[in-house]
Amino acid sequence: QVQLAESGGGLVQAGGSLALSCAASGGTFSRYAMAWFRQAPGKVREFVAAIGRSGGYTDYADSVKGRFTISRENAKNTVYLQMNSLKPEDTAVYYCAADLAYLGSSSYAYDYWGQGTQVTVSS
């Protein structure tokens, strides 16, 4: 089973950038589709971005399209989320997720989750 650990969250002003990382261990990373989700206080967890096993396929929520970029380095067992032009509404705990069989936007389908990293965007 794979274990996931996010890092890179923090406090940033609106318009700024942050880069999140998610390091995987305990599994063959290249076998897993990966995704980022986020959850703001009082809201349901929502899809942010997903990437296929080789990195050739990516998908984004409309709310982040053109501002966020998901990527992965299988040699480093790491998936990244580069976040630019951040807005206060991007404030949330960001989670990475992994699954052997599913690649998509449903949080219920991913079997493995990290603990999350807080991103706060001030106005």
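All of these numbers come straight from a predicted model, not from anything done at the bench.

Enquirer: Explanation requested: the state of the cysteines in the structure shown.
Expert: Working definition of a disulfide: a covalent bond connecting the sulfur atoms of two cysteines. Scanning all chains against the criterion turns up 1 disulfide. Between the sulfur atoms of C22 and its disulfide partner C96 the distance amounts to 1.9 Å. Residues C22 and C96 are joined by a disulfide whose S-S torsion is about 45°; by sign, that bridge is right-handed. With C22 in strand β3 (residues 18-25) and C96 in strand β9 (residues 92-99), this pair connects stretches of sequence that are 74 residues apart.

Enquirer: Help me out: how do you make sense of the pattern of salt bridges in this one?
Expert: Taken as a whole and judged by the stated rule, the model has 5 salt bridges. Residue R38 pairs with D90 through a salt bridge whose shortest N-O separation is 2.9 Å. Here R38 is found in strand β4 (residues 33-39), whereas its partner D90 is found in the loop between β8 (78-83) and β9, with 52 residues between them in sequence. For the pair R38 and D90, a shared accessibility class is recorded, and that class is buried. A salt bridge links D90 to R67, with the nearest nitrogen and oxygen atoms 2.7 Å apart. With a gap of 23 residues between them, D90 in the loop between β8 and β9 and R67 in the loop between β6 (58-60) and β7 (68-73) connect regions that are remote in the sequence. In this structure, D90 and R67 share a single accessibility class: buried. In this structure, a network of salt bridges that share partners links the residues R38, E46, R67 and D90.

Enquirer: Sorry, what's going on with the side chain of E6 here?
Expert: By secondary structure assignment, the location of E6 is in strand β1 (residues 3-7). No salt bridge is formed by the buried E6, whose closest oppositely charged neighbour, R45, lies at an N-O distance of 7.6 Å. For E6, the side chain forms a polar contact with the main-chain nitrogen of C96, separated by 2.9 Å. A distance of 2.8 Å separates the side chain of E6 from the backbone nitrogen of G116, its partner in a polar contact. Residue contacts for E6: discarding those within four places in its chain leaves S21, C22, W36, Y94, Y95, C96, G114, Q115, G116 and T117.

Conventions adopted
- Residue numbers here run from 1 along each chain, matching the order of that chain's written sequence.
- Given that the model is predicted, a residue must reach a pLDDT of at least 70 before its local features are reported, and side-chain atom pairs must reach 80 or more before they are shown or counted; all residues, however, enter totals for whole chains, interfaces and linings.
- The side-chain figures draw on all heavy atoms in the structure; neither hydrogens nor water molecules are used.
- Cysteine sulfurs are considered disulfide-paired once they come within 2.5 Å of each other.
- Under the scheme used here, helices are H or I runs from DSSP no shorter than 4 residues and strands are E runs no shorter than 2 residues, and both carry numbers assigned from the N terminus.
- By convention in these notes, a salt bridge is any Lys or Arg side-chain nitrogen within 4 Å of a carboxyl oxygen on Asp or Glu.
- Working definition: with a 1.4 Å probe on protein chains only, accessible area under 20% of the residue-type maximum means buried, over 50% means exposed, and in between means partly exposed.
- Under this rule, positive means Lys or Arg and negative means Asp or Glu; His and the chain ends count for nothing.
- We define a polar contact as two N or O atoms separated by no more than 3.5 Å, with the added condition that, inside protein, one atom must be a possible hydrogen donor and the other a possible acceptor, whereas residues neighbouring each other in sequence contribute only through side-chain atom pairs.
- For this analysis, residues touch if any pair of their heavy atoms sits within 4.5 Å.

On their own, these measurements won't tell you what the molecule is for.
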